[in-house]
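# Commentary on secondary and tertiary structure
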Amino acid sequence: MTAAQVIDGKAFAAGLRARIAEAVPAFKAATSRAPGLAVVLVGDDPASAVYVGSKGKATVAAGMESFEYRLPATATQDEVEALLARLNADDAVDGILLQLPLPGHLDEQAAVATIDPDKDVDGLTPVSAGRLALGIAGMVPCTPYGCLLLLQDRLGDLSGKDAIVVGRSILVGKPMGQLLLGANATVTMAHSRTKNLPDLVRRADIVVAAVGRAEMVKGDWIKPGAIVIDVGINRLPPAEGAAKGRLVGDVDYDSAAAVADAITPVPGGVGPMTIACLLRNTLVAAHRRAGLADPEGF
Ligand code: NDP
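My aim in this report is to walk through the structure given alongside it, one point at a time. (Residues numbered from 1 in each chain as written. Predicted model: local features only at pLDDT ≥ 70, side-chain atom pairs only at ≥ 80, totals over all residues. Heavy atoms only, no water.)

So, on to the environment of Pro144. Along the chain, Pro144 turns up in helix H6 (residues 142-155). Taking relative accessible area as the criterion, Pro144 reaches 0% and is therefore assigned buried. For Pro144 and Ser48, which are 96 residues apart along the polypeptide, the C-alpha to C-alpha distance reads 20 Å. In this structure, Pro144 is in contact with Leu171, Val172, Pro175, Met176 and Leu179, ignoring residues within four places of it in sequence. (Helix = DSSP H or I, 4+ residues; strand = E, 2+ residues; numbered from the N terminus. Buried < 20%, exposed > 50% of the residue type's maximum accessible area, 1.4 Å probe, protein only. Contact = heavy atoms within 4.5 Å.)

Structural data, given as structure tokens:
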């Protein structure tokens, strides 16, 4: 039986995107141009091409300028970094997103580090990570920022809440921990070497699972009344006769929903927040670069 409220990330993200679109005309009026997002795709990975396509569409739908750059899978490190340097210098570009993963012969960290931190809408450069750790205004990775918005919408003030983040990746877990700490939660960071994980999760008012292991976090790990944010996207093997397996998160949804106060579904929970927060970051970066105050309410 499902007791938990379902946190509708799709609806929340749609609302956020609508508010972003409403804020664009004022920026245009002040600067005579639209905020611009450049997305760089290296190689021809089909999943990455789909992500890049949907980011471009969402950018245009918000009234922003979308620039798409494709380099062949054989591109050299110098070619990738030269393109990023060109975009750093391009005034029409407020945000730069280098679609990851890059082909194996390229050095991802070195490429990301060449992005101007003020245009780093993915929040992945060392400067952005440093600013987040120091509590200085900067660009915050989109997925954990989306999780924070969902949590604040549900709980309001997070001060003093016990939070656990399962996963410590650069993309999700680590910045999530920093954001929760910045919001005055008491944060436990768990990872593959953590001992007694179920007991640690049982203490938490807020559980963020970003592990990449299908349905790993079980309902009997969840404290009754906790809020569960499931970042994971995992495809199960197809059932007999089916072309594709079901998408599930890192949380065993049914058992967790029976005890939690609220939980994000997969799909339709955290996923839609990522692109909405990319647009939010682009809008904020555009304002800062133009010397305008941050747009209100984002
Ligand atoms: P990574 O593989 O980079 O990191 C996984 C983390 O989980 C690591 O820190 C790892 O620990 C930890 N971990 C692995 N196994 C265990 C375990 N048994 N117990 C505890 N911790 C464990 O993944 P990402 O952070 O990039 O992504 C996590 C999930 O989120 C994936 O399913 C991904 O598809 C999804 N995702 C969803 C997004 C969205 O928009 N909704 C965006 C980004 C990711 P260690 O460091 O010790 O190895």
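Next comes the rest of the account.
Moving on: the sheet that holds strand S8 (residues 227-230). Taken in spatial order, the 6 strands line up as S1-S11-S8-S7-S5-S6 in an open sheet, and their pairing is parallel. On the outer flanks of this sheet lie strand S1 (5-6) and strand S6 (186-190), each paired with one strand and no other. Pairing of strand S5 (residues 162-166) with S6, which is carried by 5 bridges, proceeds in the parallel orientation. Within S6, the position partnered with Val165 by the bridge is Met189. (Pairing = 2+ DSSP bridges.)

With that out of the way, let us pick up the site of the ligand. Residues in contact with the ligand amount to 23 residues; listed here are only the nearest, Arg168, Ser169, Ser192, Arg213 and Thr274. Ser192 has a polar side-chain atom sitting 2.5 Å from an oxygen atom of the ligand. Protein contacts shield 70% of the accessible area of the ligand, which totals 930 Å² for the unbound molecule. Looking at the shell around the ligand, its residues break down into 10 nonpolar, 10 polar and 3 charged. (Near = heavy atom within 4 Å. Polar contact = N/O pair within 3.5 Å; in protein donor to acceptor, adjacent residues only side chain to side chain. Areas by Shrake-Rupley, 256 points an atom, 1.4 Å probe, with all protein chains shown as cover. Nonpolar A, V, L, I, M, F, W, Y, C, P; charged D, E, K, R; others polar.)

The subject of this paragraph is the sheet that holds strand S3 (residues 65-71). Taken in spatial order, the 3 strands line up as S3-S2-S4 in an open sheet, and their pairing is parallel. Lying at the two open borders of the sheet, with one neighbouring strand each, are S3 and strand S4 (95-98). Going across the sheet, the axis of each strand differs from the next one's by a mean of 15°, ignoring polarity. Docked against the sheet, helix H2 (residues 46-61) engages strand S2 (36-42), S3 and S4, running at close to 160° with respect to S3. (Axes fitted to C-alpha atoms, helices over the stretch in contact; angles between N-to-C directions.)

Here the focus is the pattern of salt bridges. Per the stated rule, a full pass over the model turns up 9 salt bridges. Ionic pairing is found between Asp94 and Arg33, a salt bridge with its closest N-O pair at 2.8 Å. In this pair, Asp94 sits in the loop between helix H3 (77-89) and S4 while Arg33 sits in the loop between helix H1 (9-31) and S2, placing the two residues 61 residues apart along the sequence. The class of Asp94 is buried, set by a relative accessible area of 0%. (Salt bridge = Lys/Arg side-chain N within 4 Å of Asp/Glu carboxyl O.)

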